[in-house]
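Okay, here's what each chain looks like letter by letter:
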Amino acid sequence: MALSRDAYRALEDIVGPGYISEDPAVMDSYAYQWLAETVRPNQSKFMPRPEAALLPGSTKEVQAIVRTCNKYKIKVKPYSTGWYFYGAPLTEGVIQLDMRRMDRILEIDEKNMFAVIEPYAIAGVLQAEVMKRGLNCTVTGAGASCSTLVGATCYHGSGGTSIYTGELRENLLGAEWVMPNGEILRTGSIGSGCGWFCAEGPGPSMRGIVRGALGARGGLGVYTKCAVKLSPWPGPVEFPVEGTAPAYRSPLPGNFRAYTLAFKDWDSLFEAYYRLYDNEIGYYAHRQWTMLGADLGPAFWMLYQDPTKSLDDIEEFVQKQEVKEFTEEMRRSFQLVLVGMSQRDIEYQDKVLERILEETGGWKVKKWLEPEMEQFALLYLLRLGKKNLNFVYTGGWVGNFMQVGTPDFVKKYRPLAEDATREYQEKGLLVDCGSDSMMGCVGSISGGGNCGLEQFGFYDVADKVSTAAAVEWMKHCIQEEAMHNIPPGKEGMYLAVGKTHEELQQDLAKQPATHTWQRKIKQALDPNDLGDRMYPTLDER
Amino acid sequence: MEMIGKQKIIKEHKILDSYSHDNSFTLPMQPRLVVQPRNADDVQKIVTWANRTKTPLVPVSSGEPHFHGDTVPSVPEAVIIDLRRMDKIIRIDRRNRMVLIEPGVTYAQLQPALAEEGLRLSTPLLPRQSKSVIASLLEREPTLVPKYNHTLLEPLRCLEIVWGNGEILRTGDAGGYYPTLEQQWEMGLAQVFSGGPGQVDYYRLVSGAQGSIGIVTWASVKCEVLPKVHRFFFIPADNLKGLVECAYRLLKVRLGDEFLVLNSASLAAILSRDADGIQALKNKLPPWVIIMGIAGRDLFPEEKVDFQEKDTRDIVHQFGLELLPAVSGIGGGQVMSTILNPSPVTYWKLTYKGACQDIFFMSTLDKISEFVNTVFAAANALRYPVSDIGIYLQPQHQGTACHCEFNLPYNSGNKIESDHVRELLDTCSEALIEQGAYFSRPYGIWADMVYNRDAGNKEMIKTIKGIFDPNNILNPGKLCF
Ligand SMILES: Cc1cc2nc3c(=O)[nH]c(=O)nc-3n(C[C@H](O)[C@H](O)[C@H](O)COP(=O)(O)OP(=O)(O)OC[C@H]3O[C@@H](n4cnc5c(N)ncnc54)[C@H](O)[C@@H]3O)c2cc1C
Ligand SMILES: Cc1cc2nc3c(=O)[nH]c(=O)nc-3n(C[C@H](O)[C@H](O)[C@H](O)COP(=O)(O)OP(=O)(O)OC[C@H]3O[C@@H](n4cnc5c(N)ncnc54)[C@H](O)[C@@H]3O)c2cc1C
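Keep in mind it's a predicted model, so treat the numbers as computed, not measured.

A. How the structure looks around the sheet that holds strand β8 (residues 172–178) of chain A. All names here are of chain A. Taking strand neighbours across the sheet as the criterion, the five strands line up as β5-β6-β10-β8-β9 in an open arrangement whose pairing is antiparallel. This sheet does not close on itself; its edge strands, each paired only once, are β5 (105–109) and β9 (184–187). For this sheet, the mean angle separating the axes of adjacent strands, direction not counted, is 10°. Pairing of β8 with β9, which is carried by four bridges, proceeds in the antiparallel orientation.

Here is the structure:
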């Protein structure tokens, strides 16, 4: 279903011939998506092909495109850094807006600690710029290559430093939004022409429509600019880098510490979360190393430090006595980076941490105290530039669970995540890296109080049986969760992409109020149904 | 009326009269009657009845005195829905540091109950005794501790809302998978997360809405650990500009807990019991002062306060200023015990001249000096005594924004004086808006000024109002509808 020539020309007139394409090969490059194989017929790696892709260069162009789409009743799907399959069209008849030309950092207000950015300004670039001014931004768990605007407006927005630097949802200040009806809304102070510093108001805060716990994920208009709050960075103006690829290291000054903290049992680990919240220490607090599995991860992190080794050597590493001890020592652990705003501050934080470890029976994992390991950890954790490691074992992974809540809540589903995974690993359908391959924030919001655990499963994208097993594993987790009165985790969100309309409606009917209000909002803002069901709504009866 | 059932209904003229005016210049309007619901069910019944009979409702949660005209009906035949009887502290959760309260709960009532559990709330500056915690947070009144102001709405988290159309929604993680609070508690959840449910932040829609979108019947609020050691300090200065530079540096690294800037008139009004006292103290105090509380809460509280004091002093010295335990004979302890508590019964802003008009808005600290000049110039032109103007600056959202407030005390019995203040309010507000002041909470005369400049938000607010309160039952005439 190609676009009518009239529509195509109208769109071409807006962006110019250089920034529109309907070349099938180009369209396929947009449709080719990680995770597509888990929801598409015949495990196809392609989402539906867009009818055309456009690269707008300004808000004005985006608005003109959306207006034209209203005229011709064409669906639009925006896409910034494009790391998730739901950024692609979910059906035929959709044009893809590729936002990569809008990649500027428009303003950094050093004193008032915020930056104004466009959709394709990625976290790594923003971080490098603001660090020059003694500031830092929240890099989400998706890493340095992802759009910060998307984290703030379209999707979730938490990361390892959220406990200190905030969730991007919290950090979102003014936003500029081309709504599906073609109107532009600027929320907060920027709407009154007073600058970008304030998210709320005037009066009832329409920031509430911009996004909720989740953003609209491309289903309700296009965000073209936003401001995000920044946090202090009492370190050098850029990361000093030493060592060789892949394990670059950053020797940071004496007010920085990176620890891997381990505990004898899970209760103690979660107790430590509560103690960190109450004592307000920690700049980065996250379970990160365990994402590669409690059995195999430690071997991987050691091997990774040696540039002469590759993944093929991991068997050999696992057998080493030193690695075995390391693995046991950090079996139940998380990472904590302390950053002192002054020397006195870091000394105080260290002292508090010692006491918390005494209280909870925890310890600092020795290997990670070695200067080179610590320097590796600092760069890795604070910049998060190595997200390709998620794919390291087999080229495919999926993260299940990750229901966010208090530590006391998360503690309740943690064993379930292990039980629901073990048999898939034992049968060799997922990488057998240890049934705890759980990662997640120690404090997913500013000041802590909430956390989560995401259970990784690594499947072989080139193997149909393994891919099918990953899908079965996701469904199995949903069943187990239901049996234990736990809400569906992230796997529910992934699988929803592939569901039929009827199946999805059944799911939405479980929380009717939310999805009915969303329907009413969508009806008001998207009368021609330009958006897709990533902003899900319950049908009117 | 039978729909309202057994609820308490008040029709006495004297009481109705008390709801018909307040301390603002809002035109008086007598309500038809007052209802006092006991629970969400009652509230829902009233709203349903109001929709059927097209009766305007004005929600009120705090006791008198009122100041912003938002609880005075704008249209005839309105019914006041007075939520003060809903004053239960439903649950205090020390471990997760959350408290769940009804709208009638006041700061004066809540703070001691929290203290028993080792918790406290950061409050607005000297809230009046009768001030509802929920109403204060919903109206985004600034609180004293910028570092805990993780967003502008903090520490407000989850709500139960009866929308204008009578439907109920629980917001944030209270509105998720587990339908009842009891189930949530059993699973270890504590209504911590404010977002959603789903892809809308509903709690933001009812914030700053002056009760015109939904009625909140309970809220969860994040608490702080009760300080074990808590000391207050002063950073005095002759001019605001230098002080602001210093404030930026301290705020950036999140030093201190309570953090606010007052001018001498404002600090004198807070500390004195009568007009003469205010007059005398004002003349002794430095023109501007940062008031900073430093708290040690959990482990090694002494050491925490000690190192923060030293770090603060180091920074303050770099700006040629001083960090002092007392100023003009006023000790930190006196300020602490005053500003950490609700106001004395005579609300502090009324002590000086019996009445007071406020002008407040949001901006960033670097712009405040210009706004001060504007207000002073306008006051001089109208021969309002500049030295009477109280100024309160409250950094918010961890220093990204700043609430700026001018207090204009006056004698309401004196017609000329109140006319002058009214005129001052008008001209200043226009001039400040022109200059870039962001009136994020547009009460009274500000609503038109603000919404006429922001057509986008005005349209959107009307759309949202149309969805959640299609019959325009809730507090009509206050914002842009
Ligand atoms: C979260 C996530 C989501 C992704 N989603 C998608 C998706 O939807 N669709 C998709 O197509 N891809 C996707 N990718 C894959 C992504 O595009 C690849 O990671 C990227 O193409 C490779 O870039 P890199 O910087 O990781 O490359 P590298 O890791 O540096 O290299 C990739 C390969 O190229 C080789 N190589 C590198 N440089 C050279 C050179 N100079 N000469 C010869 N060989 C070289 C390397 O040895 C390696 O085999 C995703 C990746 C991530 C992390
Ligand atoms: C390996 C991995 C780990 C992750 N970990 C985390 C994590 O820890 N915390 C977290 O919060 N998130 C996490 N995410 C999700 C991540 O936040 C988002 O993927 C990221 O923030 C946005 O970048 P993206 O490249 O996915 O955006 P895109 O794919 O470009 O966009 C994501 C969604 O937003 C829509 N969208 C994109 N741009 C716009 C726009 N300008 N206007 C309107 N809609 C738009 C798209 O249609 C799509 O539905 C993770 C993702 C991956 C792949």
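B. The environment of Pro251(A), seen in detail. Residue and element names in this part refer to chain A. Within the fold, Pro251 resides in the loop between β11 (231–232) and β12 (256–262). On the basis of relative accessibility, which here comes to 25%, the residue Pro251 falls in the partly exposed class. Distance from Pro251 to Gln375, taken between C-alpha atoms, is 5.2 Å for residues 124 residues apart in sequence. Not counting chain neighbours up to four residues away, the residues in contact with Pro251 comprise Pro240, Glu242 and Gln375.

C. Fine view of the domain arrangement of chain A. Residue and element names in this part refer to chain A. According to the domain assignment, chain A consists of domain 1 (5–99), domain 2 (105–232) and domain 3 (256–489). Here the C-alpha centre of domain 3 lies 28 Å away from the C-alpha centre of domain 2. Of the residues lining the interface, 21 residues belong to domain 2; the matching set on domain 3 comes to 19 residues. Of the roughly 1600 Å² buried between domain 2 and domain 3, counting both surfaces, carbon and sulfur atoms make up 56%. For the domain 2 face of the interface with domain 3, the top three residues by lost area are Gly160, Ile163 and Tyr164, together amounting to 36%.

D. Spotlight on the site of ligand 1. Residue and element names in this part refer to chain A. The local shell around ligand 1 consists of Tyr32, Gln33, Trp34, Trp83, Lys387, Asn388 and Phe391. Measuring from an oxygen atom of ligand 1, one finds a side-chain N or O atom of Gln33 at 3.1 Å. A distance of 3.0 Å is found between an oxygen atom of ligand 1 and a backbone nitrogen or oxygen belonging to Trp34. Burial of ligand 1 by the protein chains amounts to 31% of its free accessible area of 950 Å². Its residues assigned to classes, the shell around ligand 1 shows four nonpolar, two polar and one charged. Of the residues that make up the shell around ligand 1, three or more belong to each of domain 1 (5–99) and domain 3 (256–489).

E. Broad picture of empty space enclosed by the protein. All names here are of chain B. Within this structure, the stated rule accounts for 16 cavities of 30 Å³ or more. In this model, the largest cavity occupies a volume close to 680 Å³. Asp70, Lys131, Ala135, Glu139 and Tyr443 are the residues nearest the centre of the largest cavity, which is lined by 41 residues in total. Taken together, the residues of the lining of the largest cavity break down into 21 nonpolar, 11 polar and nine charged. Within this model, the second largest cavity holds a volume of roughly 120 Å³.

F. Expanded view of the pattern of salt bridges. According to the stated counting rule, one finds 77 salt bridges over all chains in the structure shown. Ionic pairing is found between Glu359(A) and Arg275(A), a salt bridge with its closest N-O pair at 2.7 Å. On the criterion of sequence distance, the pair formed by Glu359(A) in helix α13 (residues 343–360) and Arg275(A) in helix α9 (residues 266–279) is long-range, its members being 84 residues apart. A relative accessible area of 15% places Arg275(A) in the buried class. Glu154(B) is the partner of Arg157(B) in a salt bridge, and the nearest nitrogen-oxygen pair spans 2.7 Å. Through salt bridges that share partners, Glu167(A), Arg169(A), Glu200(A), Arg207(A), Asp201(B) and Arg204(B) make up one connected network.

G. Seen up close, the domain arrangement of chain B. Residues and elements named next belong to chain B. Domain annotation for chain B reports domain 1 (2–82), domain 2 (89–225), domain 3 (229–339) and domain 4 (353–435). For domain 1 versus domain 4, the distance between C-alpha centres works out to 30 Å. Taken together, the five residues of domain 1 in the interface contact eight residues of domain 4. Carbon and sulfur atoms supply 58% of the area that domain 1 and domain 4 bury against each other, a total of about 520 Å² over both sides. Per-residue buried area on domain 1 facing domain 4 is highest for Asn23, Phe25 and His68; these three make up 86% of the total on that side. For the pair domain 1 and domain 4, the interface holds zero salt bridges. Scanning the region where domain 1 abuts domain 4 turns up one residue pair in polar contact (both at pLDDT 80 or more). Its residues assigned to classes, the side of domain 1 that touches domain 4 comprises two nonpolar, three polar and no charged.

H. Seen up close, the packing of helix α8 (residues 264–271) of chain B against helix α9 (residues 275–284) of chain B. Residues and elements named next belong to chain B. Closest axis-to-axis distance for the α8/α9 pair is 8 Å, and the angle between their directions is 140°. Taken together, the axes of α8 and α9 are oblique relative to one another. Crossing angle aside, the handedness with which α8 passes α9 is right-handed. Across the interface between the two elements, Ser264, Ala265, Ala268, Ala269 and Leu271 of α8 pack against Ile278, Leu281 and Lys282 of α9. Residue composition of the contact of α8 with α9, by class: six nonpolar, one polar and one charged.

I. Broad picture of the site of ligand 2. Residues and elements named next belong to chain A. Around ligand 2 there are 32 residues in total, and Pro78, Ser80, Thr81, Gly157 and Arg217 lie nearest to it. Contact between ligand 2 and Ser158: a nitrogen atom at 2.8 Å from a main-chain N or O atom of the residue. Computed on the free molecule, ligand 2 has an accessible area of 930 Å², of which 97% lies beneath the protein chains in the complex. Those elements giving two or more residues to the shell around ligand 2 turn out to be β3 (75–79), α5 (148–154) and β10 (222–229). Among the elements that take part in the shell around ligand 2, α5 stands out by supplying four residues, more than any other.

J. How the structure looks around unusual backbone geometry. Residue and element names in this part refer to chain A. Cis peptide bonds are those with omega within 30 degrees of zero, and the linkage from Gly201 to Pro202 qualifies with 0°. Within the secondary structure, Pro202 sits in the loop between β9 and α8 (207–210). Ala245 connects to Pro246 through a cis peptide bond whose omega is 0°. One non-glycine residue with positive phi stands out, namely Gln43, at about 50°. Here Gln43 shows up in the loop between α2 (24–31) and β2 (52–54). Phi is positive for Lys73, which is not a glycine, with a value near 55°. Along the chain, Lys73 turns up in the loop between α3 (59–72) and β3. Its relative accessible area of 55% is what places Lys73 among the exposed residues.

K. How the structure looks around the pairing of strand β18 (residues 390–396) of chain B. Residue and element names in this part refer to chain B. Here β18 lies mainly inside the structure; seven of its seven residues are buried. Going residue by residue along β18, you find Gly390, Tyr392, Gln394 and Gln396 tucked away on one face and Ile391, Leu393 and Pro395 tucked away on the opposite face as well. With seven bridges connecting them, β18 and strand β19 (residues 401–410) associate as antiparallel partners. Each residue of the ladder has a partner; that of Gly390, found in β19, is Asn407. Hairpin connection from β18 to β19: four residues lie between these consecutive antiparallel strands, with His397 at a positive phi of about 45°.

L. Representation of the interface of chain B and chain A within the structure. Contact residues are listed per partner, giving 90 residues for chain B and 90 residues for chain A. When chain B packs against chain A, the two sides together hide about 7500 Å² of surface, and 56% of this comes from carbon and sulfur. In terms of surface lost to chain A, no three residues of chain B exceed Arg95(B), Gln199(B) and Tyr438(B), which account for 12% of the buried area on that side. Inspection of the chain B/chain A interface yields 13 salt bridges.

M. A look at the layout of surface pockets. Taken as a whole, the second largest pocket spans an internal volume of roughly 900 Å³. Elements with a minimum of two residues in the lining of the second largest pocket: α6 (162–165), α9 and α13 of chain A together with α7 (240–252) and α10 (301–318) of chain B. A per-element tally of the lining of the second largest pocket places α10(B) first, with six residues. Taken together, the residues that form the lining of the second largest pocket break down as 19 nonpolar, 13 polar and 15 charged.

N. Spotlight on the sheet that holds strand β9 (residues 168–170) of chain B. Residues and elements named next belong to chain B. Read across the open sheet, the five strands follow the order β5-β6-β10-β8-β9; overall the sheet is antiparallel. With one partner strand each, in any of the chains shown, β5 (89–93) and β9 form the two edges of the open sheet. The mean angle between the axes of side-by-side strands here comes to 15°, regardless of whether they run parallel or antiparallel. Relative to strand β6 (residues 98–101), β5 is paired through four bridges, and the arrangement is antiparallel. Its bridge partner being in β6, Ile92 is matched across the sheet by Val99.

Parameters at a glance
- Residues numbered from 1 in each chain as written.
- Chains lettered and ligands numbered in written order.
- Predicted model: local features only at pLDDT ≥ 70, side-chain atom pairs only at ≥ 80, totals over all residues.
- Heavy atoms only, no water.
- Pairing = 2+ DSSP bridges.
- Helix = DSSP H or I, 4+ residues; strand = E, 2+ residues; numbered from the N terminus.
- Axes fitted to C-alpha atoms, helices over the stretch in contact; angles between N-to-C directions.
- Buried < 20%, exposed > 50% of the residue type's maximum accessible area, 1.4 Å probe, protein only.
- Contact = heavy atoms within 4.5 Å.
- Domains from an automatic or database assignment.
- Buried area = accessible area lost by both parts, 1.4 Å probe.
- Near = heavy atom within 4 Å.
- Polar contact = N/O pair within 3.5 Å; in protein donor to acceptor, adjacent residues only side chain to side chain.
- Areas by Shrake-Rupley, 256 points an atom, 1.4 Å probe, with all protein chains shown as cover.
- Nonpolar A, V, L, I, M, F, W, Y, C, P; charged D, E, K, R; others polar.
- 1 Å grid on protein atoms, 1.4 Å probe; cavity = no way out; pocket = protein on both sides within 12 Å on 5 of 7 lines; lining within 4 Å.
- Points joined across faces, edges and corners; volume = space filled by probe spheres on them.
- Salt bridge = Lys/Arg side-chain N within 4 Å of Asp/Glu carboxyl O.
- Parallel < 35°, antiparallel > 145°, perpendicular 65-115°, else oblique.
- Left-handed = near helix turned anticlockwise from the far one by under 90°.

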